[in-house]
Amino acid sequence: MSLRTKLKKVLPSISITEQEALDAGDVWLEGSIYQGKPDFNALRAVPAAVLSADEQAFIDGPLQELLGMIDDTEIQNGIHLPEYILDFLKKERFFSLIIPKSFGGLEFSPYANSTIVGTIATKSSAVAVTVMVPNSLGPGELLLHFGTKEQQAHYLPRLANGRDIPCFALTSPEAGSDAGGIPDLGTVTKGMYNGEEVLGLEITWDKRYITLAPIATVLGLAFKVVDPNGLLGGKENLGITCALIPKEHPGVELGNRHDPMGIRFYNGTTRGNKVFVPMDFIIGGQKNIGRGWQMLVSCLGAGRGISLPALGVSSSQVAFKGASEYAAVREQFGLAIGQFEGIQEKLADIAGKTYLQEAMRVLTTEGLGMGLKPSVVTAIAKYHMTEIGRDVLDSAMDIQAGKAIQNGPQNTLASGYVAQPIAITVEGANILTRNLMIFGQGVMRCHPYLQSMVESIHSEDKNADKEFNRILRKTVGYSVANSLRAFRLGVLPFTAGANSPLPEVREYEKAAHKLSAKLAVYADFSLLVLGGKLKQAEMLSARLGDVMSFLYAAMASIKYYEQKVASSEREQAAPYFHYATRFALQSAEQALHKFLDNFPASGTRKFMRFITMNYSTKMPKISDNLIRELAEQAQLDTAFKKQITHLVKPVKGDGHYINEQAYLAKMGCLELLAKVKKALRAKTIKPGIRFALTLDNALVASVITEEEYAKLIDYNIKRERAIRVDEFDFDMNLLDENAQPVNLQPLKAAVNQ
């Protein structure tokens with residue numbers, strides 16, 4: 001019995017849905033990371049993302065106007081989005097970011113799409129999700145890539161100008177992430193349509209969690225197709241299929257709403273019982289029966305790589321801007337709280353991770369802008385950028401403390417904090433993304449020979465043994481080369497290469513090469529020792545996925561620092577860069593050690609440690625000095641800080657504006673404040689009960705001039721406004737049927753001053 005035959009009995013075959021997922025998309029930078037040789041030349045050759053004139057005009061025009069219209073407190077205290085918001089989104093074609101201009105769309109780049117969604121999310125999660133969904137996985141993108149010319153000509157102009165609102169229904173109560181388990185069924189049959197008998201499908205479905213379903217005019221639907229009577233002349237089970245069904249079609253039910261964490265975007269259910277549709281309703285026509293899953297996974301890039309990461313980045317930028325301004329303005333014990341090391345530790349972490357988020361956002365959208373569809377990279381972006389967003393937001397909540405837990409127009413964190421689990425759950429919960437998808441797809445897509453080997457193992461071809469032996473020889477050679485390279489870098493770490501023109505970058509480039517070399521060895525031994533069981537060893541494989549992910553993040557950090565940071569701003573950016581890159585490299589190294597510590601075969605574990613010389617941590621550390629340096633830099637009003645918080649666009653009167661005005665006023669008064677504090681220490685003046693009284697004493701004592709007094713009083717008014725929280729006048733005698741106050745009217749005096 002040949003080795004191939006023995007392996008065929010042991011190794012599980014790849015399911016149809018798994019194979020279609022593997023076949024969809026491209027291998028990009030993650031391929032070189034997995035193979036132990038991160039390709040920094042390819043990284044630096046990626047064209048830098050820039051906004052076109054049309055994109056910038058849209059951001060400066062309709063987007064800025066939209067931000068001025070949004071009152072998130074009104075939205076959250078209502079039942080749904082105000083009609084005037086929806087009308088504006090339709091009129092200004094916010095739902096057509098990905099639709100070509102030839103169909104009336106805006107045809108913006110992935111980078112612009114991400115920027116627009118992320119900017120809206122800094123003001124309202126509900127509006128951001130409403131804009132995001134039609135511009136990610138759904139009818140629009142499926143029609144673009146797979147629709148017939150007739151379907152495109154009919155629907156795309158209507159989707160572009162908002163005459164049609166789309167939704168896409170995939171998730172069923174019995175099948176969430178397991179698309180192969182969809183119970184919704186379409187049976188090939190004949191029925192009546194437009195007064196004549198035609199061939200079509202009788203579909204029964206029950207879907208949930210469908211965003212925009214309650215207001216959708218056209219339903220995208222995924223279901224399985226069966227042909228029990230052989231009307232199509234082939235097999236009975238034809239596979240997952242996607243159709244586009246108008247809301248008014250008989251039998252379509254759209255309406256019942258969910259309540260996703262109180263975030264007021266439209267989300268709900270759709271059902272149908274034995275609804276007959278003609279074959280023309282199938283996206284791409286009858287020939288696309290059974291191609292639904294392949295179509296879906298090939299279009300996942302927009303949701304995974306653009307929209308959901310944009311929500312994570314927006315959370316980080318809001319958190320960073322708000323926390324840094326609050327830390328500079330809020331005083332306790334006579335000092336700005338940003339001077340306390342406990343606050344600095346949190347603030348530095350927020351700042352460094354916000355930089356890392358923006359770097360990953362830019363690089364990922366640059367790759368998508370090249371026309372690539374890297375399924376592993378977009379899974380990395382979706383998982384880590386939403387998780388980092390959650391982590392950063394938690395830290396910002398800690399810094400703002402009592403201010404952060406009081407709802408109202410001045411609270412810039414609460415809505416995003418409540419909405420954060422939504423981005424983490426969409427497109428499959430993050431547990432699935434990390435434990436099954438990143439390394440699960442990466443190992444098959446990025447290994448140069450593994451997928452071909454598995455195919456040859458299960459092949460029925462007469463030359464299968466010969467083909468398997470040929471691939472096996474190449475695989476052994478590849479693994480030996482990986483081991484030798486990792487051993488060399490372990491024994492002689494100085495031999496790692498680096499091509500960056502910036503000396504501060506080279507140590508990190510070398511570190512990435514050393515970690516990547518270890519990853520390649522551990523992945524090879526995992527496959528050799530665990531084989532098909534690696535699929536079930538989710539904690540082990542997830543850690544290898546973490547290594548891939550954090551090395552991708554480190555490469556993004558390096559590219560952003562080299563290409564997006566002006567040379568005149570490198571000094572400002574350096575602490576952000578060092579913190580972010582060290583965090584990524586440390587996280588990758590920790591994942592490698594956790595993998596080794598828990599590898600089940602002790603002999604193999606010891607050999608892997610030896611061949612990679614992996615006995616202790618070696619990555620550059622985040623020191624206390626770096627934390628202090630970054631925390632201080634984060635509280636300064638610099639051009640680079642504006643660059644990595646650019647998604648936050650304050651509108652006069654909103655919470656962002658109030659915080660920023662107080663912060664800028666303090667930055668303009670630093671010398672005067674120092675003068676007053678010096679006089680207090682010298683006891684030239686007495687401190688007042690309130691700071692305004694201290695300023696009165698300083699003016700009387702001629703410590704400050706009348707002009708300086710006016711400037712400091714202006715700052716103090718803005719400071720008091722920024723540290724204040726919203727108050728509400730609840731009439732507890734007026735309660736609705738849910739025991740909620742009917743007249744929820746905030747006292748907006750602080751906001752409107």
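Conventions adopted
- Residues numbered from 1 in each chain as written.
- Predicted model: local features only at pLDDT ≥ 70, side-chain atom pairs only at ≥ 80, totals over all residues.
- Heavy atoms only, no water.
- 1 Å grid on protein atoms, 1.4 Å probe; cavity = no way out; pocket = protein on both sides within 12 Å on 5 of 7 lines; lining within 4 Å.
- Points joined across faces, edges and corners; volume = space filled by probe spheres on them.
- Helix = DSSP H or I, 4+ residues; strand = E, 2+ residues; numbered from the N terminus.
- Nonpolar A, V, L, I, M, F, W, Y, C, P; charged D, E, K, R; others polar.
- Salt bridge = Lys/Arg side-chain N within 4 Å of Asp/Glu carboxyl O.
- Phe/Tyr/Trp six-rings, centres within 6.5 Å; stacked < 30°, edge-to-face > 60°.
- Buried < 20%, exposed > 50% of the residue type's maximum accessible area, 1.4 Å probe, protein only.
- Lys NZ or Arg CZ within 6 Å of the ring centre and 35° of its normal.

Chemist: Please clarify how empty space enclosed by the protein should be interpreted in this entry.
Modeler: Picture a little ball the size of a water molecule; that probe, rolled over the atoms, points out where space is still empty. Taken as a whole, this structure holds five cavities of 30 Å³ or more when the rule is applied. Roughly 50 Å³ of volume is contained in the largest cavity. Around the largest cavity, the lining residues are Ala 359, Val 362, Leu 363, Glu 366, Ala 556, Lys 559, Tyr 560, Gln 563 and Lys 564. Looking at the lining of the largest cavity, the elements that each hand over two or more residues are α14 (341–369) and α21 (538–563). Here the residues of the lining of the largest cavity sort into five nonpolar, one polar and three charged.

Chemist: Mind showing me how you'd approach the pattern of salt bridges here?
Modeler: Where charged atoms from two side chains of opposite charge approach closely, those side chains can pair. Applying the stated criterion across every chain, the model contains 27 salt bridges. Put simply, Lys 677 and Glu 331 hold a salt bridge, and the shortest N to O gap is 3.9 Å. Linking Lys 677 in helix α27 (residues 670–681) with Glu 331 in strand β8 (residues 331–332), this pair joins segments that are 346 residues apart in sequence. The residue Asp 349 makes a salt bridge to Lys 353 at a minimum N-O spacing of 2.9 Å.

Chemist: Sorry, what's going on with the packing of aromatic side chains here?
Modeler: Aromatic ring pairs are defined here through the distance separating the ring centres and the angle between the ring planes. Summed over the entire model, instances satisfying the criterion amount to 19 aromatic pairs. Relative to Phe 340, the ring of Phe 333 lies with its centre 6.3 Å away and its plane at 75°, an arrangement referred to as edge-to-face. By relative accessible area, which is 77% here, Phe 333 ends up exposed. Assessed through its relative accessible area of 29%, Phe 340 is described here as partly exposed. Judged by centre distance (5.7 Å) and plane angle (20°), the rings of Tyr 522 and Phe 595 are stacked. Taken together, the positions of Tyr 522 in helix α20 (residues 503–530) and Phe 595 in helix α22 (residues 570–597) put the pair 73 residues apart, joining distant regions of the chain. A residue is classified by how much of its surface remains accessible, and Tyr 522, at 0% relative accessible area, is buried. Aromatic ring contacts, followed pair by pair, group Phe 320, Tyr 355, Tyr 560, Tyr 576 and Phe 640 into a single cluster. Between Lys 641 and the ring centre of Phe 320, over which it is positioned, the NZ or CZ distance is 5.8 Å.

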